[in-house]
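Topology and contacts: notes
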Amino acid sequence: MKKLVIRFNAPVVLTFALLALVVLILDGITDGVSTSRFFCVYHAPLSDPLTYVRFFGHVLGHTSYTHYMGNMLLLLLVGPAVEERYGSRSTLLFILATALVTGVVQYVFFPSTALLGASGVVFMMIVLSSFTEMKKDGIPVTLILVVVFYLGGEIMDGLFSKDNISQITHIVGGLCGLVFGFTQRGRRR
């Protein structure tokens, strides 16, 4: 009988999920102060060094356990395949780049609202995971469907819904996934 071994199979994705959980716990302990100070993008002065920290850190902040779980379940579903395909280093760079791009877009184009959560990273990984079967001579149907259903749905929601969800972050995250997928096409770790 073989011994059952538990593996830390996707170190970047798992560490990201654990860090976001720690940030959520800190949020509860500090009554939201830590999240608004470090893990939320809003239009603060560019002279404040923490503004630049928030451009990256906002992906670790969440408004509630439900918000955290919604993002982390999807991340844990698609993230390990992305990390296995592209490697831990590339996955970390994809996350950091997506965080920066979504944070800057929020800062520049939506100065009167705040942004926090990993949904841009999740959408990047959803789209990027569709590239796992991409060959040099074709585009998989799954990629087309993901773009149509997820990104198309977010565009429609952005136009017609009035909620607290940042559809632009989902769209920008998905576009980051498209860019990473096409630029990394054919490369494996």
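Further up the page is the structure itself.
The structure contained in this document is the topic of the report that follows. Keep in mind that this is a model prediction, so the values were computed, not measured.

1. Some details on the overall build of the protein chain
Scanning the protein chain from terminus to terminus reveals 8 helices and 0 strands. Going through the 189 residues of the protein chain one by one, you find that 44% of them count as buried. Here the analysis covers contacts within the protein chain between residues at least 6 apart in sequence; of these, 74% occur between residues at least 24 apart. When the accessible surface of the protein chain is split by element, carbon and sulfur atoms take 68% of a total near 10700 Å².

2. Section: the nonpolar core
Ranked by size, the top nonpolar core spans 38 residues in total, and within it Phe16, Met72, Leu75, Met124, Met125 and Leu128 carry the most contacts. Only helix H1 (11–29), helix H4 (65–86), helix H5 (88–109), helix H6 (119–129), helix H7 (141–160) and helix H8 (167–183) provide two or more residues apiece to this core. The element best represented in this core is H6, accounting for 8 residues. Once residues within four sequence positions are removed from consideration, methionine 125 is found in contact with Val13, Leu75, Val78, Gly79, Val82, Thr91 and Ile95.

3. With respect to H6
Most of H6 is tucked away: 11 of the 11 residues are buried. By the burial criterion, the buried members of H6 are Ser119, Gly120, Val121, Val122, Phe123, Met124, Met125, Ile126, Val127, Leu128 and Ser129.

4. Quick look at the packing of aromatic side chains
All told, the structure shown has 6 aromatic pairs when counted by the stated rule. Note on phenylalanine 55 and tyrosine 107: the rings are 5.4 Å apart at their centroids and 85 degrees apart in plane angle, and the pair reads as edge-to-face. Separated by 52 residues along the polypeptide, phenylalanine 55 in helix H3 (residues 49–57) and tyrosine 107 in helix H5 bring together distant segments of the chain. Of the residues examined, phenylalanine 55 reaches a relative accessible area of 7% and is grouped as buried. Where tyrosine 86 meets phenylalanine 94, the ring centres are 5.7 Å apart and the plane angle is 75 degrees; that geometry is what we call edge-to-face.

Cut-off values and rules
Residues numbered from 1 in each chain as written. Predicted model: local features only at pLDDT ≥ 70, side-chain atom pairs only at ≥ 80, totals over all residues. Heavy atoms only, no water. Helix = DSSP H or I, 4+ residues; strand = E, 2+ residues; numbered from the N terminus. Buried < 20%, exposed > 50% of the residue type's maximum accessible area, 1.4 Å probe, protein only. Contact = heavy atoms within 4.5 Å. Areas by Shrake-Rupley, 256 points an atom, 1.4 Å probe, with all protein chains shown as cover. Core = buried A, V, L, I, M, F, W, Y, C linked by side-chain atoms within 4.5 Å. Phe/Tyr/Trp six-rings, centres within 6.5 Å; stacked < 30°, edge-to-face > 60°.

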